[in-house]
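So you can see what is in the structure, the chains are spelled out below.
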Amino acid sequence: MTLGMPTASHPGEELRDNALLQLNAAAKALALDPGMHKFLRTPERTLIVAVPVTLEDGTLEVFTGYRVQHSTGRGPGKGGIRFHPSVTLAEVEGLAMLMTWKCAVTDLPLGGAKGGVAVDPRKLTRRQVERLTKRYTAAILPIIGPEKDIPAPDVNTDESTMAWIVDTVTMMTGKHSPEVVTGKPIDLGGSRGRTEATGRGVAFVTLEVLRREGKEPLETRVAIQGFGNVGSVTAKSLALAGCRIVAISDVSGGYAAPDGIDIARAIEHVRRNPSRTLEGLAGVSRISNAELLAMDVDVLIPAALEGQITRENAHEMRARIIVEGANGPVTNDADRILADHGVLIVPDILANAGGVVVSYFEWVQSRAQFYWELDEVERRLEIYMRRAMELVLAKSKAYECPPREAAFIVAVERVAGAISKRGIFP
C-alpha cells in the first residue's frame, strides 16, 4: 500500500509531515508490516479542550488546548507542554510522534506524547498564566498520570508551570502527586542535573562520535550556534573534555577566537550582562551567523533554532561532523546535500535526548521517593547517551544509511517490536 503525503501549508503540518516521511523511510528499510506501519502513523489518542481564563478586567477568554498520545507501546506517554500562539493539532501530533522515537532510540520504557495551548503567554499576567495552566491541567487530567502520560516543560513553560500542574492534580485527586510531571523544582521532587541534561547529552554523543572517528578532543575545533542553556552547557562540557571552542553565538551575534574561547568566562559574562547576551565579550572577533555556520571546524553544533542549515547554505558547510543540539536545525533538503558530501550528522532525536533521559530518571526518583546525587544522574546519563550513539552508528553501517535514518530505524524497530510482542487487544 502506498501512503501518500499531504501538501503542508503550515509549519506545524510541515513538522508532522516530515516526521511521517522519516517513519516511512524506516518502515521501508525494515520491510515493516503495512498494518503496523499504518498504526504507527496514527496517534493513539487525541484530546482537544477548551481552556477558559478570567482576565483581570473580568472578561472571559477561551483558548484551545491539545494533548496527543502517539504511542504507549513501550510505556506511558512522555512529552512537553508548550504555550505558544502558533500551536496547532498538526504540530502537536508531529511532536508527539518524534517523542515516541526519541524515547525509543535511547531505550527508555516510555512512549511519545505532547501537549500545548494556542496562547501568547507574554500577553497574560503571571497570575493568568497560572489560571490557564491549572484549567488546562484539569481538562486533560483524565488522560495524564504517572502510569498514563507524564508531561514536562517545553516552549514558554518551565518548572513553575510543572509545580502548578502538581498542585492541580494533588487538589483534584487528594493525593500528593509529584510523579505526574517532570521538570519540577527540586523542592517538589525534581531531579538534580535536569537543567543541564540536554547540553551534557549533546556533549556525550559528540565525544562518542569523535572516539569512533579516531579523533582526540584536544585536536578538535568546535563551533556552537546558540549560547542558551543547551549551547552553553555543551560548550562547557566539551571544553572540559579538551575540545577547543573557537566560535559561539547568540541573539547578539557571533564571536570567534582561533585559539579558543574561555567558555567559563563567557558564561560568567552572560550572567553579569544586563542583556543576558554575549554582547561585549572581550578577546573575540565579531562574526555573522552565516560565517559561524560555514567555519572550517571539525564539529558544528547548531543549538539555537530550527531550519538554520538549508538547501541555500548547505554547500557552504565545512564541518565534517554536525551534531543537532536544536530541534530540526538541518532541513530535509540540506540533510541530503550534506550526506552526499560525506558529512556525518547526529540527528536531533538522539543528540538532544539528554533532557528526556533525565526526565525519565526524575520520574523514577519521584515514584520511588528516593533521590539521586548529581554524580549518579550524570553517570547514568552518559551510559544511556553513549549506548544509544553506539547502536545508531552500528545500524548506520549495517543498513548503509546516514545516522538520521539509522536512528529512526532503531526507534521504529523497538516500538513495532514491543507492540507485536504485546499483541493487538482484544
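The structure reproduced in this document is the subject of the present report.

Along the backbone of the protein chain there are 14 helices and 12 strands. Against the compact-globule benchmark of 22 Å for 426 residues, the protein chain has a radius of gyration of 21 Å, which places it among compact chains. Considering only C-alpha atoms, the protein chain reaches an extent of 60 × 55 × 45 Å along its principal axes. For the protein chain, the proportion of its 426 residues judged to be buried stands at 55%. Contacts in the protein chain between residues far apart in sequence, at least 24 positions, make up 67% of those at least 6 positions apart.

Counting across every chain of the model gives five aromatic pairs. Centre to centre, the rings of Phe361 and Trp372 are 5.3 Å apart; their planes meet at 50°, and the pair counts as tilted. Note that Phe361 is positioned in helix H12 (residues 354-368) and Trp372 in the loop between H12 and helix H13 (374-399), a separation of 11 residues in sequence. For Phe361, a relative accessible area of 2% translates into the label buried. Measuring from centroid to centroid gives 5.5 Å for Phe361 and Tyr384, while their planes differ by 75°, and the two rings are edge-to-face. Within this pair, whereas Phe361 is found in helix H12, its partner Tyr384 is found in helix H13, the two being separated by 23 residues in sequence. For Tyr384, a relative accessible area of 16% corresponds to the buried category. Taking NZ or CZ as reference, Arg380 lies 4.7 Å from the ring centre of Trp372, over its face.

Burial within strand S5 (residues 149-153) is extensive, with four of its five residues counted as buried. Looking at chain direction, strand S3 (residues 77-83) and S5 are connected through five bridges and run parallel. Paired with Gly79 across the strands is Pro151, a residue of S5.

Through backbone hydrogen bonds, the strands of a sheet pair up, either in parallel or in antiparallel fashion. A sheet is described by the order of its strands in space; here seven strands give the open sequence S9-S8-S7-S6-S10-S11-S12, paired in mixed fashion. With partners counted over all chains shown, the strands left at the sheet margins are strand S9 (285-287) and strand S12 (344-346), one partner each. This sheet shows a mean twist of 20° between the axes of neighbouring strands, independent of strand direction. Alignment of strand S8 (residues 253-256) against S9, held across three bridges, turns out to be antiparallel. Across the sheet, Ala256 pairs through a bridge with Ser285, a residue of S9.

What follows is about the side chain of Glu324. For Glu324, the position within the fold is in the loop between strand S11 (321-323) and helix H10 (332-340). There is a polar contact of 3.4 Å between the side chain of Glu324 and the backbone nitrogen of Val330. Those residues within four positions of Glu324 in sequence are excluded, and the remaining contacts are Pro302, Pro329, Val330, Ile345, Val346, Pro347, Asp348, Ala351, Asn352 and Arg404.

Applying the stated criterion to the full structure yields 31 salt bridges. For Asp298, the salt bridge goes to Lys215, with nearest N and O atoms at 3.6 Å. Taken as a pair, Asp298 in the loop between helix H9 (289-293) and strand S10 (299-302) and Lys215 in the loop between helix H6 (197-212) and strand S6 (221-225) lie far apart in primary sequence, 83 residues in all. According to the relative accessible area criterion, Asp298 is partly exposed, its value standing at 21%. The exposure class of Lys215 is partly exposed, given its relative accessible area of 25%. In this structure, Glu382 and Arg386 form a salt bridge, with 2.7 Å as the shortest nitrogen-oxygen distance. One end of the pair, Glu382, and the other, Arg386, are both in helix H13, four residues apart, so they sit about a helical turn from each other. Since its relative accessible area comes to 29%, Glu382 is described here as partly exposed.

The subject of this paragraph is the environment of Glu268. Looking at the secondary structure, you find Glu268 in helix H8 (residues 263-272). Distance in space between the C-alpha atoms of Glu268 and Ala416 is 47 Å, their sequence separation being 148 residues. Side chain to side chain, Glu268 and Arg271 meet in a polar contact 2.7 Å long. In terms of polar contacts, Glu268 uses its side chain to reach the side chain of Arg272, at 2.6 Å.

A distance of 2.8 Å separates the side chain of Arg386 from the side chain of Glu208, its partner in a polar contact. When residues no more than four places from it in sequence are discounted, the contact partners of Arg386 are Phe204, Leu207 and Glu208.

What counts as what
- Residues numbered from 1 in each chain as written.
- Predicted model: local features only at pLDDT ≥ 70, side-chain atom pairs only at ≥ 80, totals over all residues.
- Heavy atoms only, no water.
- Helix = DSSP H or I, 4+ residues; strand = E, 2+ residues; numbered from the N terminus.
- Rg over C-alpha atoms; globule rule 2.2 N^0.38 Å.
- Buried < 20%, exposed > 50% of the residue type's maximum accessible area, 1.4 Å probe, protein only.
- Contact = heavy atoms within 4.5 Å.
- Phe/Tyr/Trp six-rings, centres within 6.5 Å; stacked < 30°, edge-to-face > 60°.
- Lys NZ or Arg CZ within 6 Å of the ring centre and 35° of its normal.
- Pairing = 2+ DSSP bridges.
- Axes fitted to C-alpha atoms, helices over the stretch in contact; angles between N-to-C directions.
- Polar contact = N/O pair within 3.5 Å; in protein donor to acceptor, adjacent residues only side chain to side chain.
- Salt bridge = Lys/Arg side-chain N within 4 Å of Asp/Glu carboxyl O.

Read these as spatial facts, not as claims about activity.
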